[in-house]
Amino acid sequence: MPPEITPIIEEPALIVTNSETSLVVADIHLGIEWDLYRSGINLPSQMKGRLDRLLGYIQENSPDRVILLGDVKHNVPQVSWQEKDEIPCFLETLAEHTHVDIIPGNHDGGLELLFNRQKDITVHSARGALIDGVGYFHGHTWPAPEILAVSYVVTAHNHPTVRFTDAFGYSIVEPAWIRTKFNLEVLKGHFGNLNFENPTQWADPELFVMPAFNELCGGIPFNESTQEELLGPAFSSGGIKLEASEVYLLDGTRLGLLRNIRKLQYTRVRNKNMDRRRKSSKGST
């Protein structure tokens with residue numbers, strides 16, 4: 001039986017079932033409140049609430065492991081006092097309930113120094129890992145080649161959302177799941193040593209892009225964005241089939257293919273040429 005990939009309804013989290021059950025979340029960004037404080041926005045720490053949410057998922061689903069798919073911490077390149085205080089508690093509390101796997105993201109430099117290495121916590125390569133038959137990589141790097149040899153791959157990093165704007169200019173933004181495929185021709189150009197005719201090296205996997213767990217992170221409205229505006233080499237290079245992506249809301253609503261959503265009158269794709277003219281005009285006045 002192939003693995004089953006099941007989003008938790010109304011939550012930015014996945015349950016992946018194969019020989020084991022894995023709970024997957026991405027982009028927690030612990031310590032973001034300290035960064036916001038430096039920008040003049042004073043918010044109390046939200047760490048306990050986020051930890052309680054995860055513990056609730058664990059209680060309801062009894063996973064064999066929790067996979068944290070990158071950007072567990074927020075501040076780069078430094079580590080804030082808030083992260084030094086909160087991350088050990090956060091990770092070690094999770095490890096008391098189940099095994100914790102961390103796929104490092106671009107914000108996770110020095111993370112392995114912030115918790116007791118004797119705890120049931122594994123930090124994998126930044127290029128991703130195969131865990132129970134499913135490939136995982138955060139998305140700020142190309143995936144490791146072995147990740148392309150399985151049927152399902154899960155990534156994050158772009159904090160996908162959709163944004164709809166009405167005739168009066170009012171917008172609503174919702175976090176979204178993105179389901180798509182890799183673009184074989186682009187991958188051939190990057191993975192020159194990979195034999196894409198060999199099914200043990202290339203399985204043409206389905207790709208799931210996770211929304212951010214931390215609601216303070218913001219996101220990229222995929223229905224308004226071009227390929228070049230997306231983050232990470234696999235996305236910005238055209239390594240995924242962006243226009244053929246399926247978009248789902250957290251409540252399970254399927255919005256359809258991205259190329260069709262772009263045609264709706266409520267999607268307003270930015271005009272780059274107009275943006276350049278405005279910038280040029282402002283600079284000359």
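Residues numbered from 1 in each chain as written. Predicted model: local features only at pLDDT ≥ 70, side-chain atom pairs only at ≥ 80, totals over all residues. Heavy atoms only, no water.

Caption draft 1: Summary view of helix α2 (residues 47–61). Here α2 contains 15 residues, and its C-alpha end-to-end distance of 21 Å stays within 8% of the 21 Å for a straight helix at 1.5 Å per residue. Within α2, burial applies to Met47, Arg50, Leu51, Leu54, Tyr57 and Ile58. Considered in projection along α2, the buried side chains sweep an arc of 115 degrees and stay on one side of the axis. Relative to its buried face, α2 has exposed residues pointing more than 90 degrees away, namely Lys48, Gln59 and Glu60. (Helix = DSSP H or I, 4+ residues; strand = E, 2+ residues; numbered from the N terminus. Expected span 1.5 Å × (residues − 1). Buried < 20%, exposed > 50% of the residue type's maximum accessible area, 1.4 Å probe, protein only. Arc of directions from axis to C-beta.)

Caption draft 2: The state of the cysteines, seen in detail. Enumeration according to the criterion identifies zero disulfides in this entry. In this structure Cys89 is a free cysteine whose sulfur lies 19 Å from that of Cys217, the closest cysteine sulfur available. Cys89 sits in the partly exposed class, given a relative accessible area of 38%. (Disulfide = S-S within 2.5 Å.)

Caption draft 3: Representation of a nonpolar patch on the surface. The grouping of Ile41, Leu43 and Leu216 at the surface amounts to a nonpolar patch, some 210 Å² of accessible area in total. If you trace the backbone, Leu43 turns up in the loop between α1 (32–38) and α2. Using a relative accessible area of 32% as the deciding quantity, one classes Leu43 as partly exposed. (Patch = residues over 30% accessible without salt bridge, like charges linked within 9 Å, V, L, I, M, F, W, Y side chains within 5 Å. Areas by Shrake-Rupley, 256 points an atom, 1.4 Å probe, with all protein chains shown as cover. Salt bridge = Lys/Arg side-chain N within 4 Å of Asp/Glu carboxyl O.)

Caption draft 4: Spotlight on the layout of surface pockets. Approximately 230 Å³ is the volume attributed to the largest pocket. Lining the largest pocket are 19 residues; nearest its centre among them are Pro175, Ala212, Phe213, Asn214 and Glu215. Every element with two or more residues in the lining of the largest pocket is listed here: β10 (160–165) and β11 (171–181). Each residue belonging to the lining of the largest pocket can be placed in one class, and the counts come to nine nonpolar, five polar and five charged. Its volume calculated, the second largest pocket comes out at about 160 Å³. (1 Å grid on protein atoms, 1.4 Å probe; cavity = no way out; pocket = protein on both sides within 12 Å on 5 of 7 lines; lining within 4 Å. Points joined across faces, edges and corners; volume = space filled by probe spheres on them. Nonpolar A, V, L, I, M, F, W, Y, C, P; charged D, E, K, R; others polar.)

Caption draft 5: Highlighting unusual backbone geometry. The linkage connecting Val76 with the following residue, Pro77, adopts the cis geometry, with an omega of -5 degrees. Turning to its location among the elements, Pro77 is positioned in the loop between β4 (65–68) and α3 (81–95). In this structure, Asp204 takes a positive phi of about 50 degrees despite not being glycine. With respect to the helices and strands, Asp204 occurs in the loop between α4 (184–190) and β12 (206–209).

Caption draft 6: Focus on the pairing of strand β14 (residues 246–249). Covered by surrounding structure in β14 are Glu246 and Tyr248 together with Val247 and Leu249, the residues of both alternating faces. Note that β11 and β14 share four bridges and pair antiparallel. Bridging across to β14, Ala176 finds its partner in Leu249. Direction of pairing for β14 relative to strand β15 (residues 254–257): antiparallel, over a ladder of three bridges. Counterpart to Tyr248 in the pairing with β15 is Arg254. From the end of β14 to the start of β15, which pair antiparallel, there are four residues, and Gly252 there has a positive phi angle of about 95 degrees. (Pairing = 2+ DSSP bridges.)

Caption draft 7: Spatial organisation of the sheet that holds strand β2 (residues 14–17). As summarised here, the arrangement of the six strands in space is β1-β2-β3-β4-β5-β6, forming an open sheet in which the pairing is mixed. Only two strands of the sheet have a single partner each, and these edge strands are β1 (4–7) and β6 (121–123). For this sheet the average axis-to-axis angle between neighbouring strands, irrespective of direction, equals 20 degrees. The pairing of β1 with β2 spans four bridges and is classified as antiparallel. Following the sheet pairing, Ile5 is matched in β2 by Val16. (Axes fitted to C-alpha atoms, helices over the stretch in contact; angles between N-to-C directions.)

Caption draft 8: Structural detail: the nonpolar core. In terms of nonpolar packing, the biggest core is built from 29 residues, with Phe182 and Leu187 touching the most fellow members. Mapped by element, the contributors of at least two residues to this core are β11, β12, α5 (233–236), β14 and α6 (258–261). Excluding its chain neighbours within four sequence positions, the residues that come into contact with Phe182 are Phe137, Leu148, Val153, Leu187, Trp202, Pro205, Leu207, Gly239, Ile240 and Lys241. Membership of the second largest hydrophobic core comes to 27 residues, among which are Val25, Ile58, Ile87 and Phe115. (Core = buried A, V, L, I, M, F, W, Y, C linked by side-chain atoms within 4.5 Å. Contact = heavy atoms within 4.5 Å.)

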